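Structural description and commentary
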Amino acid sequence: MPSHLFADRPAPQPPERGVVESLITRTRRLRGDVDAVRRDTAHGDTVADEHDIRWRWHRALCDLAVHQLDDLGAHLGQLRNGLPDGDADSPAAVTRGDTMATTAATEADDETRSLQSRVGSAEWNLLTDEVIWSPELYEIFGRPVAKGPMTLDELPSVMLAEDQGLLQTVVTECLVDGKPIDSEFRIVRTDRSVRTLHMMGEPVLDSDGCTASMWAVLRDVSELRRSQRAVHKSGDTLRRREQSVRTERRIVAELQEAVLPSWRGSLQCPQSRPGTLDLAGHYLPATGGGLIGGDWFDALKLPDGNTLLTVGDLTGHGVTAASTMAMILGALRGMAVAGVEPGTLMGHLNQLLDTAEQPALGSAVCCRYRTETRTLVWAQAGHPAPLLFRDGTGRALTQLDGVLLGATSGAAYEQAEIQLLPGDLLVLHTGRLTDRTGVDRLLALGPRLTGARDAQDSVRTVVEEFGETGREDDACVLVARIGAAR
């Protein structure tokens, strides 16, 4: 426990003025640096509006740091202005005093004016019942000077009820046990505003070691505590949001894992008949850490020996998009197994999205590959057409009529058929794969794709070319190579 303050003991020696000046200079420099960070945070290109949670947390932290540095600078300014000038009769002292007085007048007034209105002192004499308040303390309490200072017994009358017991406890411990006071409580001013005060005090002992009075400094820390609460609140909100995002990403990833093809890599169909497909697919996640979207790819062997090929994309991200994707992909598989042709199938999917409880738009391409004849029957809904690579050259199939899924009721979807040759390579992809560079970059891979050993190597080539960092959204690619005739 710190030693008690004696009424007749010598005052401690103040620090050297040069030390205080150095601290003031460093504090101002640091305050300027923090203020620059605060301005950058407020006007950064990555922050769009005041409702961004991370931005609010950054701003609250910077405001708190600036507030505390302002208080520190004001405290140091008061300490400097109160220092004695030494021997006032010496020429050096006179010169130094004039210079320091001028500096203090120009630099410290703004710093200390705010602080002086928030810091006051008081002394309660237990022997004479005299109470002395500094003028600043009257301003803090909102109490007219004409009413005089408040005694220790009167103080609880202006405090919130839940803080009255705390004040009584710390005052009793100070007066009886000699414990220093370092506590906070809230008062209600005459204008009904609530202020938070930080009180630091000690007993003043007489020469016999008995408590003669209690001295205290009270500081209005309402703004500081408000800034701290803003930091805590925004930080808690940010942590909850990040936890929610992590949870949603995990749920979506698990849902996607359950819905998309289990093979994911290369799917080798039986080679007992000519025209058999060699298949491979890949899902490319966004590199920016965003939520998973509603992209899908699928290849399914049908009961009649044909094969379903499809890729698609739904608007939105997260659980809603993933669950809608699961619904669409389940319906698509079911209708394909039932023998529904691609054009008619697209119309049913459009109706399903148009009447769904969760409104959504989607694009898709659906193909039915007939193994016996090596023909591809396909339809599209607002989606990039399949790419056909033959003899090292690639081209997009002719675009068919078909609006986005869910865009309008009763939409019809055009269907087309194309004859494929042994060694042909089909590439189906979602639009975001080529958003940044266009489909020409993908077509330029023709020699590498057709020269690849198998479909998996072709997919690997596409991923190497388009899986670069900076991808803002996820994408899918599906490759199908037509087997050679026997």
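Quick notes on the rules
Residues numbered from 1 in each chain as written. Predicted model: local features only at pLDDT ≥ 70, side-chain atom pairs only at ≥ 80, totals over all residues. Heavy atoms only, no water. Phe/Tyr/Trp six-rings, centres within 6.5 Å; stacked < 30°, edge-to-face > 60°. Lys NZ or Arg CZ within 6 Å of the ring centre and 35° of its normal. Helix = DSSP H or I, 4+ residues; strand = E, 2+ residues; numbered from the N terminus. Expected span 1.5 Å × (residues − 1). Buried < 20%, exposed > 50% of the residue type's maximum accessible area, 1.4 Å probe, protein only. Contact = heavy atoms within 4.5 Å. Pairing = 2+ DSSP bridges. Axes fitted to C-alpha atoms, helices over the stretch in contact; angles between N-to-C directions. pLDDT = per-residue confidence, 0-100. Parallel < 35°, antiparallel > 145°, perpendicular 65-115°, else oblique. Left-handed = near helix turned anticlockwise from the far one by under 90°. Nonpolar A, V, L, I, M, F, W, Y, C, P; charged D, E, K, R; others polar. Salt bridge = Lys/Arg side-chain N within 4 Å of Asp/Glu carboxyl O.

The next subject is the packing of aromatic side chains. For the structure shown, the criterion picks out 2 aromatic pairs. It is Arg-441 that lies over the ring of Phe-466; its NZ or CZ is 4.6 Å from the centre.

This paragraph deals with helix H9 (residues 342–354). Taking 1.5 Å as the rise per residue, H9 with 13 residues should run 18 Å; its terminal C-alpha atoms sit 18 Å apart, in good agreement. Considered for burial, the residues of H9 that qualify are Pro-342, Gly-343, Leu-345, Met-346, Gly-347, Leu-349, Asn-350 and Leu-353. Residues of H9 that are buried make contact with strand E10 (307–314), helix H8 (318–337), strand E11 (362–370), strand E12 (375–381) and strand E15 (415–419).

Below, the discussion takes up the sheet that holds E11. Across a sheet, strands are paired by hydrogen bonds formed along the backbone, either parallel or antiparallel in direction. An order of E9-E10-E11-E12-E15 is seen for the 5 strands of this open sheet, with the pairing classed as antiparallel. Looking at the sheet topology across the chains shown, the edges are occupied by strand E9 (296–301) and E15. When the angles between neighbouring strand axes are averaged without regard to direction, this sheet yields 15 degrees. Bridging between E10 and E11 involves 8 bridges; their strand directions are antiparallel. Within E11, the residue paired with Thr-307 across the bridge is Tyr-369. Each of E10, E11, E12 and E15 is contacted by H9, which is oriented at about 150 degrees to E11, the strand it contacts most.

Attention now goes to the confidence of the model for the protein. The pLDDT averaged across the protein works out to 80; a share of 78% of its residues lies at or above 70. For the protein, per-element mean pLDDT is lowest for helix H3 (residues 91–107), which scores 39, and highest for E15, which scores 97. Every residue in residues 83–108 scores below 50 in pLDDT, and together they form 27 contacts with partners more than four places removed in sequence or on other chains.

We now examine the packing of H8 against H9. When two helices pack together, their arrangement is given by the angle between their axes and by how far apart the axes lie. For the pair H8 and H9, the least separation of the axes is 10 Å and the interaxial angle reads 150 degrees. One element, H8, and the other, H9, form an angle in the roughly antiparallel class. Between H8 and H9 the crossing geometry is right-handed. Every residue of H9 that contacts H8 at Thr-324, Met-327, Ile-328, Ala-331, Leu-332, Met-335 and Ala-336 is listed here: Leu-345, His-348, Leu-349, Leu-352 and Leu-353. Taken together, the residues of the contact of H8 with H9 break down into 10 nonpolar, 2 polar and no charged.

What follows deals with the pattern of salt bridges. For the structure on display, the rule yields 21 salt bridges. Put simply, Arg-239 and Asp-236 hold a salt bridge, and the shortest N to O gap is 2.2 Å. Within this pair, Arg-239 and its partner Asp-236 are both found in helix H7 (residues 222–259), separated by 3 residues, close to a single helical turn. Judged by relative accessible area, which is 33%, Asp-236 ranks as partly exposed. Linked by salt bridges that have partners in common, Arg-441, Arg-448, Glu-464 and Glu-465 make up one network.

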